[in-house]
Amino acid sequence: DVKVTQSSRYLVKRTGEKVFLECVQDMDHENMFWYRQDPGLGLRLIYFSYDVKMKEKGDIPEGYSVSREKKERFSLILESASTNQTSMYLCASSSSGQGAYEQYFGPGTRLTVT
Amino acid sequence: AQSVTQPDIHITVSEGASLELRCNYSYGATPYLFWYVQSPGQGLQLLLKYFSGDTLVQGIKGFEAEFKRSQSSFNLRKPSVHWSDAAEYFCVNNAGNNRKLIWGLGTSLAVNP
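So, here's what we can say about the structure. Note that the coordinates shown come from a computational prediction; the quantities given were computed from them, not determined experimentally. Residue numbers here run from 1 along each chain, matching the order of that chain's written sequence. Whichever chain is written first is A, and whichever ligand is written first is 1; the rest continue in order. For a predicted model such as this one, the threshold for reporting local features is a pLDDT of at least 70, and the threshold for listing and counting side-chain atom pairs is 80 or more; totals across whole chains, interfaces and linings nevertheless cover every residue. Hydrogens and waters are ignored; side-chain quantities use all the structure's heavy atoms.

## Quick look at the interface of chain A and chain B
The figure often quoted for interface size is the accessible area lost as the parts come together. The partner chain B presents 18 residues to the 25 residues of chain A that form the contact. Reported buried area values correspond to the accessible surface (1.4 Å probe) lost by two parts on association, with both partners' losses combined. In total, about 1700 Å² of surface goes out of reach between chain A and chain B, with carbon and sulfur atoms giving 53% of it. Think of a salt bridge as a Lys or Arg side-chain nitrogen and an Asp or Glu carboxyl oxygen that are within 4 Å of each other. Here chain A and chain B share one salt bridge between them. Two residues, Glu102(A) and Lys49(B), come together in a salt bridge whose shortest N-O distance is 3.0 Å. Polar contacts here mean pairs of N or O atoms no more than 3.5 Å apart (in protein, one a potential hydrogen donor and the other a potential acceptor; neighbouring residues in sequence count only if both atoms are side-chain atoms). At the junction of chain A with chain B, the criterion picks out four residue pairs in polar contact (both at pLDDT 80 or more). Among the secondary structure elements, those contributing two or more residues to the side of chain A that touches chain B are β4 (31-38), β5 (42-51) and β9 (87-94) of chain A. Residues are grouped as follows: Ala, Val, Leu, Ile, Met, Phe, Trp, Tyr, Cys and Pro are nonpolar; Asp, Glu, Lys and Arg are charged; all remaining types, including Gly, are polar. Residues belonging to the side of chain A that touches chain B are distributed by class as follows: eleven nonpolar, ten polar and four charged. Should any heavy atoms of two residues lie within 4.5 Å, those residues are considered in contact. Secondary structure elements are taken from DSSP: a helix is a run of H or I of four residues or more, a strand is a run of E of two residues or more, and numbering for both begins at the N terminus.

## Concerning the sheet that holds strand β1 (residues 4-6) of chain A
Residues and elements named next belong to chain A. Should DSSP find at least two bridges between two strands, the strands are regarded as paired. Strand order in the open sheet made by the four strands is β1-β3-β8-β7, with antiparallel pairing throughout. A strand with exactly one partner marks an edge of an open sheet, and here the two such strands are β1 and β7 (65-70). Mean inter-strand twist for the sheet, computed between neighbouring axes without regard to direction, equals 20°. Pairing analysis gives six bridges linking strand β3 (residues 19-25) to strand β8 (residues 73-78), with the strands arranged antiparallel. Directly across from valine 19, in β8, lies its bridge partner leucine 78. For helices, the fitted axis covers only the stretch in contact; all axes are lines through C-alpha atoms, and the angles between them, taken along N-to-C directions, range from 0 to 180 degrees.

Pasting the structure below:
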């Protein structure tokens, strides 16, 4: 089975702190994604990566950065956390190439910024 | 712009009743369509997917969905709902781009005993 793991299920940080969210997948997938999920807004794409060291902005990249140094690992960084970044963060991965491939999700990290 | 619309924000059904969750997509070319489910406290799980071929696709947990190009729809159905089906359901369109999915806002399903 594809497995996507996230470093924390729950996280509480203070305003201004630098926050790292880690995601690891074990299926050798080329694509990895970071979303945030908020009530009434569904899933919104923050960043995605289609290869090591490659990244593209999603729909809401402001206030976030990402890092992908190894194929299996994709990190989301909040340089200076703010209260409006309190949310559920979901990591996903998918294969690439011809055709379409579903995304596999991790369990999520619920981040609270106080 | 490409979009996926789930017209029903919240639906309540009785256990044992049939269910249909609506989904409309806007992308004109052949879409790749998915339904995901998110149970309370759980991660997102793929229910079923449509790429091509038979327009009626079967998924896990007794769900099925029918692709109708003429209506730009991909509605999810289940003949008899169980209490454990209470969850959030998302319709998703790949739009031929592996790098990015277009998500509906979700339909929250409640099941009365």
